[in-house]
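Below are the chains, spelled out letter by letter.
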Amino acid sequence: MVLSLNDPLDMHLHLRDGRMLDIVAPLSAETFSGALVMPNLVPPVTTEEAVASYRERIVKAGENRAFTPYMTLFFRSDYTPEFLASVRKEILAIKLYPAGITTNSEGGVEGFDLIELAPVLEAMSELGIPLCVHGETGGFVMDREAEFIPIYEKVAGAFPDLTIVMEHITTKEAVEALDRFENLYATITLHHLYITLDEVAGGLLQPHLFCKPIAKRPEDREALLKAALSAHPKVMFGSDSAPHPREAKEAPGCAAGVFTAPLALPALAQLFDRHGALQNLQPFVSDNAKRIYGITPPKKEVLLEKSPWLVPEIYEGTVVPMFAGQSLEWRILRAG
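Keep in mind the model is a prediction, meaning the values are calculated, not measured.

Attention shifts here to the nonpolar core. Note that soluble globular proteins tend to have their nonpolar side chains buried in a common cluster. Counting residues in each nonpolar core, the largest one holds 97 residues, and the members touching the most others are Phe75, Met124, Phe272 and Phe284. Here Met124 is in contact with Phe75, Leu84, Ile94, Ile129, Pro130, Leu131 and Leu162, once residues within four sequence places are set aside.

Counted according to the given criterion, the structure contains eight aromatic pairs. Centre to centre, the rings of Phe259 and Tyr315 are 6.0 Å apart; their planes meet at 85 degrees, and the pair counts as edge-to-face. Separated by 56 residues along the polypeptide, Phe259 in the loop between helix H10 (246-249) and helix H11 (264-274) and Tyr315 in the loop between strand S12 (309-310) and strand S13 (327-328) bring together distant segments of the chain. The class of Phe259 is buried, set by a relative accessible area of 3%. Linked through ring pairs, Phe32, Phe237, Phe272 and Phe284 together constitute an aromatic cluster.

Right, let's talk about H11 for a bit. Of all eleven residues that make up H11, ten are buried, and the element is covered over most of its length. Restricting attention to buried positions, one finds in H11 the residues Ala264, Leu265, Pro266, Ala267, Leu268, Ala269, Gln270, Leu271, Phe272 and Asp273. A positive phi of about 65 degrees marks Gly276, the residue just after H11.

Conventions used here
- Residues numbered from 1 in each chain as written.
- Predicted model: local features only at pLDDT ≥ 70, side-chain atom pairs only at ≥ 80, totals over all residues.
- Heavy atoms only, no water.
- Core = buried A, V, L, I, M, F, W, Y, C linked by side-chain atoms within 4.5 Å.
- Buried < 20%, exposed > 50% of the residue type's maximum accessible area, 1.4 Å probe, protein only.
- Contact = heavy atoms within 4.5 Å.
- Phe/Tyr/Trp six-rings, centres within 6.5 Å; stacked < 30°, edge-to-face > 60°.
- Helix = DSSP H or I, 4+ residues; strand = E, 2+ residues; numbered from the N terminus.

Given below as structure tokens:
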């Protein structure tokens, strides 16, 4: 059996920088037509010059493949409307992080005072710049996303013309919120469709499955699966593929992030096939994102074959992927 996917998109991707960028960028550029690239570098991407420079480094690392890096700015409450208007043509969205909630987010938002944030959010709304949000509070780790839902609802209600993307949702509460506000959308990762907290810490700790937001309960995974497998029109694929060196994962103070970019499409094909929903993979990995963001990525057809594929144990001696050393039921036949 062969499956054709047109212009697959990864709408939440971490490419890092330096040597790590050189390792992981070609792996995404090979099979994806484009990706929304997160701005939480050190220092974060907050200027037009930084956006342009990072895009240039990504394109170079991607080895000139047909792949568009859709750029983002790191949200700051002191951006002026004039600055946002000038940078609009360089970015697709702005990413908001609560301060200190995940990797390299120390410069994020402290609290959510709508009076303080309103000038930037109003300017984004008028300019048609989507707001992408890592939606977690600083509460108990299993409740952080659910506790953040009222903040989403407050912002969505106050700025009805602002497109708001709830990034890498992990809970049934987030899925339910999608249908309460017209301007709320969401990305769902590969790993949150496969795992619960039990796979991470139910037996021996699995550091390469540890991520933020943390995997949740079986009922949460079922809600995510239902939304993805049915091609819910407000949901799109965002891998949140987050590479870290092996020594940063297999260590005290394990870094948060699951590396899935090189195996995302085969693993998604396996999942959708097992649930008899292969016909809905195309909207999940491309069509919905094109419509929500209004983008036209480079043409790329990816052919997948239902044939066993062994996931590498490690890439470039540095990054361990999800399913390392395991066999998936689908493999990439051709991409181009």
